[in-house]
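Fold and contact review
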Amino acid sequence: EYRRQRQMCIRDSSMTAAAFTSLLGYMLVCSFTPGPGNILAWNTTSTYGWKRSCPLLLGICLGYALVQTICSVALYCLSQIFASVLNLLRVVGGIYMVWLAVHIFRSEPRNNGIQKDPTLLEGMLLQLVNVKIYFYISSLLSVYFIPNCDTVLELALAGAFAVSIGSIACLTWAFFGVKLQRIYLRYFKPVNAVLGLFLLYCAWTIVKG
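All values derive from a computational prediction rather than experimental measurement. (Residues numbered from 1 in each chain as written. Predicted model: local features only at pLDDT ≥ 70, side-chain atom pairs only at ≥ 80, totals over all residues. Heavy atoms only, no water.)

The next subject is helix α5 (residues 120–128). Listed as buried for α5 are G123, M124, L126 and Q127. Viewed end-on, α5 has its buried residues packed into an arc of 155 degrees, placing them on one side of the element. (Buried < 20%, exposed > 50% of the residue type's maximum accessible area, 1.4 Å probe, protein only. Helix = DSSP H or I, 4+ residues; strand = E, 2+ residues; numbered from the N terminus. Arc of directions from axis to C-beta.)

Rendered as structure tokens:
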């Protein structure tokens, strides 16, 4: 009997490990692939440098945490209302990302004294209308977190883990924006064109659904 129970425990732990591996892979792919937040982080640090970009980067990370909280509460309590809100955010987010793409197309790397510094509010606003994150976090919650979290505390810790992965991805893109700044200064027009096209593609996929 002891041997049978031990084998069952080993089998259960391997299933948990497999589920966690699947979860981690999904999070890494979704977090580190090009998205509105990552593209904006890259473009901002390439244009303004690390120090002046910090408020916007902080806003992106805080916006991510806010969206995580909204999704957790909504899926936990208000699933029907949340579905209608997602449809509205799809349209709003698509329009905002088109505007952001145009802004990136027109941006230049050198500050002439007229351009204002990027702000924390801009970073948060992007995340609040970034429907990609809403769908990503909703799938995390419904497939991985809620079925495997027995308490609200466990759900909150799982959410904090997701936010940390997303923030690390954003800061990674920002870091490469700084390190490749010299190249960006020489080829900013084609680089901005590629980043802007990525954002237009994000907007198209979000509105299309």
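Past the structure itself, the notes keep going.
This brings us to the packing of aromatic side chains. Evaluated as defined, the whole model comprises two aromatic pairs. On the numbers, 5.8 Å between centres and 65 degrees between planes, the contact of W42 with W173 is edge-to-face. Within this pair, whereas W42 is found in helix α2 (residues 36–48), its partner W173 is found in helix α7 (residues 152–179), the two being separated by 131 residues in sequence. By relative accessible area, W42 is classed as buried at 18%. (Phe/Tyr/Trp six-rings, centres within 6.5 Å; stacked < 30°, edge-to-face > 60°.)

Quick look at the packing of helix α3 (residues 50–77) against α5 now. Packing of α3 against α5 leaves a shortest axis separation of 6 Å and a crossing angle of 35 degrees. Of the two possible hands of crossing, α3 and α5 adopt the one that is right-handed. From α3, P55, L56, L58, G59, I60, L62, G63, Y64, L66, V67 and I70 reach across to α5, where they touch L120, E122, G123, M124, Q127 and L128. Taken together, the residues of the contact of α3 with α5 sort by class into 12 nonpolar, four polar and one charged. (Axes fitted to C-alpha atoms, helices over the stretch in contact; angles between N-to-C directions. Left-handed = near helix turned anticlockwise from the far one by under 90°. Contact = heavy atoms within 4.5 Å. Nonpolar A, V, L, I, M, F, W, Y, C, P; charged D, E, K, R; others polar.)

Our focus in this paragraph is the confidence of the model for the chain. Across the chain, pLDDT averages 77, with 77% of residues at or above 70. Looking over the chain, one finds the lowest element-wise mean pLDDT in helix α1 (residues 2–32), namely 60, and the highest in α7, namely 91. Note on residues 1–15: pLDDT is under 50 here. Beyond four places in sequence and across chains, it has zero contacts. (pLDDT = per-residue confidence, 0-100.)

A word on the environment of L57. Among the secondary structure elements, L57 is positioned in helix α3. Measuring from C-alpha to C-alpha, the distance between L57 and P118 comes to 9.0 Å, with 61 residues separating the pair along the chain. Apart from residues no more than four positions distant in its own chain, L57 is found in contact with A41, T45, W50, C170, L171 and A174.

On to the nonpolar core. Counting 19 residues, the largest nonpolar core has M27, I137, L140 and F145 as its most contacted members. At the level of secondary structure, the elements contributing two or more residues to this core comprise α1, α3, α6 (131–148) and α7. No other element matches the eight residues that α6 contributes to this core. The contacts of L140, once residues within four sequence positions are left out, are L23, Y26, M27, F145 and A162. (Core = buried A, V, L, I, M, F, W, Y, C linked by side-chain atoms within 4.5 Å.)

What follows covers a nonpolar patch on the surface. There is a patch of nonpolar side chains on the surface, built from W50, L171, F175, F176, L180, I183 and Y187 and spanning about 640 Å² of accessible area. Counting only elements with at least two residues in the nonpolar patch, the list comes to α7 and α8 (181–208). Per element, the largest residue contribution to the nonpolar patch is three residues, and it comes from α7. Mapped onto the fold, I183 is located in helix α8. (Patch = residues over 30% accessible without salt bridge, like charges linked within 9 Å, V, L, I, M, F, W, Y side chains within 5 Å. Areas by Shrake-Rupley, 256 points an atom, 1.4 Å probe, with all protein chains shown as cover. Salt bridge = Lys/Arg side-chain N within 4 Å of Asp/Glu carboxyl O.)

Between its terminal C-alpha atoms α6 stretches 25 Å, which fits the 26 Å expected from 18 residues at 1.5 Å a residue. Maximal helix bending in α6 amounts to about 45 degrees, located at L141. For α6, the set of buried residues is V131, I133, Y134, Y136, I137, S138, S139, L140, L141, Y144 and F145. (Expected span 1.5 Å × (residues − 1). Bend = angle between axes of the 7 residues up to and from the residue.)

Right, let's get into the packing of α6 against α7. Two elements in contact, α6 and α7, have axes separated by 9 Å at closest approach and are oriented at 140 degrees. For the element pair α6 / α7, the angle class is oblique. Read as a crossing pair, α6 and α7 show a hand that is right-handed. Each of L140, L141, F145, I146 and N148 in α6 lies in contact with α7, whose residues at this interface are E154, L155, A158, G159 and A162. (Parallel < 35°, antiparallel > 145°, perpendicular 65-115°, else oblique.)

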